[in-house]
There are 2 protein chains.
Amino acid sequence: MDKKLLAVAGGTEPADVVIKNGQIVNVYTGEIYEGGVAICDQTIAAVGDVEYCIGEGTKIIDAGGKYITPGFIDGHIHPESSDLAIRPFAEGVLKHGTTSIMTDLHEVGVVSGIEGIEAVLAENEITDLNLYFVVPSHVPFSPALETSAGQFNPEIIRKALQREDAVGISECVGPYILADYPDLMESLDDVAGMKGMTAQGHLVDMKGAALNKCVAAGVSTCHEALSPEEIMDRARVGCYAMLRESSAARTLAQQLTAIVGTDIDTSMMSIVTDDLHCCDLAETGHLDHHLKLALGCGLPFVKAIQMVTINAARAFELTNIGALAPGKRADINLVEGDTADTFAVKDVFSRGKQVVENGELLVHYPVAEHNPCLLNTTKLLNPITPDSFKITAPEGAKKVKVTCMDTLPWIPITQPREVELEVEDGYVKCDLEQDVLYIAQVERYGINGNVGKAFMGGFHLNSGAVASSVGHDNHNIIVMGTNFEDMAVAVNRLIEIGGGQILVDGGEIIKEIAYPVCGLLSDLSVEELAAEKAELNAACAARGCIIGIPMMFLSFICLAALPTLAITDHGFINVLTMQVEDPIKEVIE
Amino acid sequence: MDKKLLAVAGGTEPADVVIKNGQIVNVYTGEIYEGGVAICDQTIAAVGDVEYCIGEGTKIIDAGGKYITPGFIDGHIHPESSDLAIRPFAEGVLKHGTTSIMTDLHEVGVVSGIEGIEAVLAENEITDLNLYFVVPSHVPFSPALETSAGQFNPEIIRKALQREDAVGISECVGPYILADYPDLMESLDDVAGMKGMTAQGHLVDMKGAALNKCVAAGVSTCHEALSPEEIMDRARVGCYAMLRESSAARTLAQQLTAIVGTDIDTSMMSIVTDDLHCCDLAETGHLDHHLKLALGCGLPFVKAIQMVTINAARAFELTNIGALAPGKRADINLVEGDTADTFAVKDVFSRGKQVVENGELLVHYPVAEHNPCLLNTTKLLNPITPDSFKITAPEGAKKVKVTCMDTLPWIPITQPREVELEVEDGYVKCDLEQDVLYIAQVERYGINGNVGKAFMGGFHLNSGAVASSVGHDNHNIIVMGTNFEDMAVAVNRLIEIGGGQILVDGGEIIKEIAYPVCGLLSDLSVEELAAEKAELNAACAARGCIIGIPMMFLSFICLAALPTLAITDHGFINVLTMQVEDPIKEVIE
């Protein structure tokens, strides 16, 4: 029992901090009324009329009529998608009022296993961002279709669930549940047997009996609904519906049409980002941006705030965050404005400590001394040369019909396109006229030397090659190019620097960004990295690329679980059949 | 993992039972729509379109357009207040759609300790009522002011919290928290350290700093709000507000004025009964009656249903009840009508088993073979005679001024009244003209032979004496009468039969009801006991008593925690000062 807290709440000792003269946004009752918050150390002692908590030594903060809300919670985010190491990531999101995230650090796990994840969790300990660990339910995503360094099994998961910060398991994949995949079912059983643990679903396209089975198996959240109907389907069966607006999939506005203007109970709904590009974080923000978007769509202010606070907390059965009340952690935002145009997070308190004042970040965390398990993660089993990327045509063929995979321009979902390509020296040639590029994924852990190869469309890059050591869900090196030479230079350079992202043209490195942590993360600040990324993206755009964030799109092109086609180190993947396919379909000449 | 459940949900095996052609009341989204529920054994497999679950051997139930709701949950009830043993109690409430209750069995604990409570929990196991055990946070209520047989300490509580059915601790008393009462603080600490455990508050009259301190200490529910303002005060600080309509305190309609006609979020509010008289249960029902009352007050239908289902489940952090969804326990009601006049629970399923069909109970549980610790609990240390009840006047006094405690007619809350009484043979006489009766409480566990004595008003009994071995919070024998002889006969008879309730007049037993279980509970059915109680109450009314349920009122007159005065075996209690007082204030002649 925190005796000082009880004394402050009871009025017999003064509070450390009192925020007064605000408008309480009460996420329990949906009311807004005048009042303040009294803080004792890391905890809220009183809310409402808190004058009685002011005494000798109390720091008084005048909210000046601003709204007082709970700190925001992102119930599903992969910080690695920002390409920021956890400390600069924490700075980046705290600035925008996010005080808690639920994350699986899956990407780190793919590269460095549970040891790597625990090292990153340890790095975060000095920050003011509250990190709840949702243990990856499986690493990698598709064990039969890709190579990863990290490998999870039910035993590792069971042990991780014992951590103080663990809140459940993440990314339980619908089709694996439908197939009664034994490891996943074992982990779901473990979670069902532990109080306060939840199973996060990754239920793409699930409905009816399929959705019912996943929920019956214990899945209680899902962030993969795309349409308003899918949002309602999930909420109706007691599966917390996470409305997602990610940098790669902007679906919030459409999803909100399910509820705006209705009297539907929104307590089962929250707003999440899933994947947040560092340029978006730098330029538009985090959940504060999403709230502006939601307000612009007509979502009432209090309901919007509930969707990034108490609803998210309830989805994880957490009772000590997401609301302003005695005994809750003092995660508090002062907010100006309640419309899409005026909404702005001005001051942020995390665990009672002010980290943002009038929009300015008050904290800066030193670059972490990374655990060795997070460093030097790129290794080739065999040398990579231009020849490594060549796709051999059938003997004697001069022209072949191949399946090129095209990305949609607004979401990295792929579609097949049949194209005819010339053969030269026994190898199938790309064709810039038809927007057909070479794409490959190079195994980078020194395990088997795999190189998977295929053809890619939709980017319209017209010169050089890009490569990245960020590639879901295995983080081998994905490389896409107009010629084999630049592709080889790009991959070898990334191996040399321990991972990152790169554009090579005419044998020259045009732009590179190093990701020393797991080949995934940079120690730059969000602003610095955003500037670097902007330069890289601009250099791609200058070479015809029409995808604004090509590296993020590429990172999903290797996801063997995202319809309909993919490239992994195993080869060209038909996601629907879960088989490796030959991209060459027939010989034409 | 329940493989059959997953197969039924997934559509590869047929359901055991399918309820079709109903109107789903979706407590998650607040919607009502056509659909059904598929059941596999004790669990819901699918909700909504469940045609796909019908196969060979599926029992099909046509809901005939009735509403399908989750089974009702009473988040705070003392079954002992019905004077029914747990099995007939279960029959009584199941008939009205209540499938789960949260209870501390505190009264049994007072008489027979944790051993007695566990024996009653064991008796309940054969019934279809789901009983969640909220471990009493202290027994007795006021250790310094009353004698009980059962005694609880933090060690006993800690052990009980390990039970599978435990959900927290009950009745955490506001003033004890304000006073940092060590045993209670220790138990609150234990609860805070256990996931999924909650602390139920008993926060009479708490507001401002006092309420904040109780909530900061971990109290997360309260059923003691009386006014609409107190309901809002609690909800606003994250303390689940339980709107109470008990047989002894009918405050629901008034409390509902806080929310009816507003857009206040009601997710923090539920409806509970606390103390339900068996005549009320027999004549008007349980939560079904309360729902009719709430609908009559203008509460929207779905919000009303939420207040006896999901809101109550959330208050206890329970995720497997309170809603219709795959994987939830198959506790289901079919309901006709959605207005105060038409609402009626017609069919009830508990854990997938139909227990009520078209309003008729399908189950009957045999009388339990009670554990010996529950039986023969009445024992006197010294004989009781008429002299036992005499209050000695100061030497030589002929007339004295005394404080008589009067009950309010609608709630057993007591107020002081100064009266002048004659002295005869050295003893103060009662005075029927002024409605001043003798009242006493006789210690009945053979521990110390205490007899506490005082004067009582408000009942207007004009002949004979009534006695009862049900008396909060110690369950000694409370006896009230117009003469010492009838009082002695009444007490001695209750000792002889092991407890119960009795009316004696002119030395004759006019009516008695035996409570063999702990001196608190009868094995009669709800209808039988209600008939007996009606006869007893009528016999009291025939003797001028204006309190319709005199025995229930008497049971609260001995509650040393209920303002402002009380009688216990220790004597006449000033509840505000927590002191034993002399009822005689001064000598007049």
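Every residue gets a number counted from 1 within its own chain, in the order that chain's sequence is written. Each chain gets a letter, beginning with A, and each ligand a number, beginning with 1, in the order they are written. At least 70 in pLDDT is required for a residue's local features to be given in this predicted model, at least 80 for side-chain atom pairs to be given and counted, and no such filter applies to totals for whole chains, interfaces and linings, which use all residues. Remark: hydrogens and water are excluded; side-chain values derive from all non-hydrogen atoms of the structure.

**Observations regarding the overall build of chain A**
When helices and strands are counted, chain A shows 16 helices and 30 strands. In terms of overall dimensions, chain A is globule-like: its C-alpha atoms have a radius of gyration of 25 Å, near the 25 Å expected for 589 residues. Its C-alpha atoms give chain A principal-axis dimensions of about 90 × 50 × 45 Å. Burial classification: accessible surface area is computed with a 1.4 Å probe over protein chains only, and a residue below 20% of its type maximum counts as buried, one above 50% as exposed, and the rest as partly exposed. Evaluated residue by residue, chain A yields a buried proportion of 65% over its 589 residues. Contact definition: two residues touch when any of their heavy atoms are within 4.5 Å. The contacts of chain A with a sequence gap of at least 6 include a subset with a gap of at least 24, amounting to 69%. As displayed, chain A offers around 19100 Å² of accessible surface, 49% of which is attributable to carbon and sulfur atoms. Helix numbers and strand numbers start at the N terminus; a helix is a DSSP run of H or I with at least 4 residues, a strand a run of E with at least 2. Our radius of gyration is a C-alpha quantity, and the globule rule it is checked against amounts to 2.2 Å times the number of residues to the power 0.38. Shrake-Rupley sampling with a 1.4 Å probe provides the accessible areas, and residues are treated as covered by the protein chains on show and by no other component.

**Overview of the relation of the copies chain B and chain A**
Copies are brought into register by a least-squares superposition over C-alpha atoms of residues with pLDDT of at least 70 in both. Screw-axis analysis of chain B against chain A gives a translation of 0.0 Å along the axis, an RMSD of 0.0 Å, and a rotation angle of 180°. The relationship between the two copies is best expressed as a two-fold rotation axis. Both copies present the same face, since 100% of the interface residues in chain B are matched by interface residues at the equivalent positions in chain A.

**Looking at the pairing of strand 23 (residues 465–468) of chain A**
Residue and element names in this part refer to chain A. What you see with strand 23 is no split at all: A465 and A467 on one side and V466 and S468 on the other are buried throughout. Should DSSP find at least two bridges between two strands, the strands are taken to pair. When strand 23 meets strand 24 (residues 477–481), the two strands line up antiparallel, connected through 4 bridges. Directly across from A467, in strand 24, lies its bridge partner V479. Pairing of strand 23 with strand 25 (residues 500–505) involves 4 bridges; the strand directions are antiparallel. Residue pairing in the sheet places A467 in a bridge with I502 of strand 25.

**Examining the interface of chain B and chain A**
By a frequent convention, interface size equals the accessible area lost on bringing the separate parts together. In this assembly, 48 residues from chain B lie in contact with 48 residues from chain A. Reported buried area values correspond to the accessible surface (1.4 Å probe) lost by two parts on association, with both partners' losses combined. The largest contributions to the chain B side of the interface with chain A come from M1(B), K195(B) and R236(B), which together make up 18% of the buried area. What counts as a salt bridge is simple: a side-chain nitrogen of Lys or Arg found within 4 Å of a carboxyl oxygen of Asp or Glu. Our count for the contact surface shared by chain B and chain A stands at 2 salt bridges. Residue E31(A) is joined to R236(B) by a salt bridge in which the shortest nitrogen-to-oxygen separation is 2.7 Å.

**Side note on the packing of aromatic side chains**
Working definition: rings of Phe, Tyr and Trp (its six-membered ring) pair if their centres are within 6.5 Å, and the pair is stacked with planes under 30 degrees apart, edge-to-face with planes over 60 apart, and tilted otherwise. Counting across every chain of the model gives 10 aromatic pairs over all chains. Aromatic side chains Y67(A) and F301(A) sit 4.7 Å apart centroid to centroid with 45° between the ring planes, which places their arrangement in the tilted category. Within this pair, whereas Y67(A) is found in strand 5 (residues 67–70), its partner F301(A) is found in helix 12 (residues 301–307), the two being separated by 234 residues in sequence. As far as burial versus exposure is concerned, Y67(A) and F301(A) are alike and both buried. The structure contains a cluster of three or more aromatic residues connected by ring pairs, namely Y67(A), F301(A) and F343(A). Two thresholds decide whether a charge sits over a ring: the Lys NZ or Arg CZ must be within 6 Å of the ring centre and within 35 degrees of the ring normal. The residue whose ring lies beneath R236(A) is Y33(B), and the NZ or CZ to ring-centre distance is 5.1 Å.

**Section: the packing of helix 2 (residues 86–94) of chain A against helix 3 (residues 106–124) of chain A**
All names here are of chain A. A fitted line through C-alpha atoms represents every axis, and for helices the fit uses only the stretch in contact; the resulting angles, taken between N-to-C directions, go from 0 to 180 degrees. One way to put it is that helix 2 packs onto helix 3 with a least axis distance of 9 Å and a crossing angle of 50°. Classified by the angle between their axes, helix 2 and helix 3 sit oblique to one another. For the crossing formed where helix 2 meets helix 3, the hand is right-handed. Residues I86, R87 and A90 of helix 2 form the contact with helix 3, whose own contacting residues are V120, E123 and N124. Classification used: nonpolar for Ala, Val, Leu, Ile, Met, Phe, Trp, Tyr, Cys and Pro, charged for Asp, Glu, Lys and Arg, polar for all others including Gly. Of the residues contributing to the contact of helix 2 with helix 3, the split by class is 3 nonpolar, 1 polar and 2 charged. Working definition: roughly parallel below 35 degrees, roughly antiparallel above 145 degrees, roughly perpendicular at 65 to 115 degrees, and oblique for all remaining angles. A clockwise turn of the near helix away from the far one marks a right-handed crossing, whereas an anticlockwise turn of less than a right angle marks a left-handed crossing.

**A few points about the confidence of the model for chain A**
Chain-level pLDDT for chain A is 97 on average; 100% of the residues reach the 70-or-more range. Our summary of model confidence lists the complex with pTM equal to 0.95 and ipTM equal to 0.94. pLDDT measures the predictor's confidence residue by residue and takes values from 0 up to 100.

**Some points on the side chain of K390(B)**
Note that K390(B) resides in the loop between strand 18 (360–361) and strand 19 (399–407). Side-chain polar atoms of K390(B) contact the side chain of D387(B), separated by 2.7 Å. Identification of polar contacts relies on pairs of N or O atoms within 3.5 Å, with a donor-acceptor requirement for protein atoms, meaning one able to donate a hydrogen and the other able to accept it, and with residues adjacent in sequence counted only if both atoms are side-chain atoms.

**Things to note about unusual backbone geometry**
Cis peptide bonds are those with omega within 30 degrees of zero, and the linkage from V139(A) to P140(A) qualifies with -5°. By the secondary structure assignment, P140(A) is in the loop between strand 8 (130–136) and helix 4 (154–160). Residue D473(A) follows H472(A) across a cis peptide bond; omega there is 0°. Looking at the element boundaries, D473(A) is found in the loop between strand 23 and strand 24. Residues other than glycine seldom take positive phi values, yet N21(B) does so here, at roughly 65°. Tracing the backbone shows N21(B) in strand 1 (residues 17–25). For N21(B), a relative accessible area of 44% puts it in the partly exposed group. The phi torsion at D435(B) lies on the positive side, around 55°, for a residue other than glycine. Secondary-structure assignment places D435(B) in the loop between strand 21 (427–428) and strand 22 (437–442). What makes D435(B) buried here is its relative accessible area of 7%.

**Some remarks on the pattern of salt bridges**
On inspection of all chains with the given rule, the structure shows 60 salt bridges over all chains. Here R244(B) and D274(B) are joined by a salt bridge, their closest N and O atoms 2.6 Å apart. Of this pair, R244(B) sits in strand 12 (residues 240–246) while D274(B) sits in the loop between strand 14 (269–272) and helix 10 (278–283), and the two are 30 residues apart along the sequence. One connected set of salt bridges, linked through shared partners, spans E155(A), R158(A), E186(A) and D190(A).

**So, the sheet that holds strand 7 (residues 98–103) of chain A**
Strand pairs in the sheet, formed through backbone hydrogen bonds, run parallel or antiparallel to each other. Residues and elements named next belong to chain A. If you walk across this open sheet you meet the 8 strands as 6-7-8-9-10-11-12-13, and the pairing is parallel. Of all the strands in the sheet, just strand 6 (72–74) and strand 13 (269–272) have a single pairing partner and so form its edges. Between one strand and the next, the sheet's axes are offset by a mean angle of 30°, whatever the strand orientation. Alignment of strand 9 (residues 166–173) against strand 10 (residues 198–202), held across 4 bridges, turns out to be parallel. From the neighbouring strand, G168 faces strand 10, where its bridge partner is T198.

**Considerations on the environment of L105(A)**
Residue and element names in this part refer to chain A. Among the structural elements, L105 can be located in the loop between strand 7 and helix 3. For L105, a relative accessible area of 2% puts it in the buried group. Measuring from C-alpha to C-alpha, the distance between L105 and L381 comes to 26 Å, with 276 residues separating the pair along the chain. Dropping the residues within four chain positions of it, L105 is found in contact with P79, E80, I117, V120 and L121.

**Considering the nonpolar core**
Throughout this description, the term nonpolar core refers to a set of buried Ala, Val, Leu, Ile, Met, Phe, Trp, Tyr and Cys residues connected via side-chain atoms within 4.5 Å. Counting residues in hydrophobic clusters, the biggest one holds 329 residues, and the most contacted among them are M269(A), I439(A), M269(B) and I439(B). If you look at the next biggest cluster of nonpolar residues, it comprises 33 residues, including A397(B), V428(B), Y438(B) and V442(B).

**Some details on the layout of surface pockets**
Taken as a whole, the second largest pocket encloses approximately 690 Å³ of empty space. For the second largest pocket, the lining is made up of 31 residues, of which K303(A), D263(B), I264(B), D265(B) and K303(B) are closest to its centre. Taken together, the elements giving at least two residues each to the lining of the second largest pocket come down to helix 12 and helix 13 (310–315) of chain A together with helix 12 (301–306) and helix 13 (310–315) of chain B. The residue inventory of the lining of the second largest pocket, partitioned by class, reads 10 nonpolar, 12 polar and 9 charged. A cavity here means a set of points on a 1 Å grid, drawn over the protein atoms and nothing else, where a 1.4 Å probe fits but cannot get out; a pocket is an open set with protein on both sides within 12 Å along at least five of seven lines, and a residue lines either one if it has an atom within 4 Å of a point. Grid points are joined across faces, edges and corners, and a volume is the space filled by probe spheres set on the points.

**Observations regarding helix 8 (residues 228–236) of chain A**
Residue and element names in this part refer to chain A. Taken residue by residue, helix 8 has P228, E230, I231, M232, R234 and A235 as its buried positions. Elements that come into contact with the buried residues of helix 8 comprise helix 7 (208–216), strand 11 (219–222), strand 12 (240–244), helix 9 (252–256) and strand 13. Within two residues after helix 8, G238 carries a phi angle of roughly 80°, on the positive side.

**As for the packing of helix 7 of chain A against helix 1 (residues 3–10) of chain B**
Between helix 7 of chain A and helix 1 of chain B, the shortest axis-to-axis distance is 7 Å and the interhelical angle comes to 155°. With respect to their mutual orientation, helix 7 of chain A and helix 1 of chain B come out roughly antiparallel. Between helix 7 of chain A and helix 1 of chain B the crossing geometry is right-handed. Contacts from A209(A), N212(A), K213(A) and A216(A) of helix 7 of chain A reach helix 1 of chain B at L5(B), L6(B), A9(B) and G10(B). The residue makeup of the contact of helix 7 of chain A with helix 1 of chain B, split by class, is 5 nonpolar, 2 polar and 1 charged.

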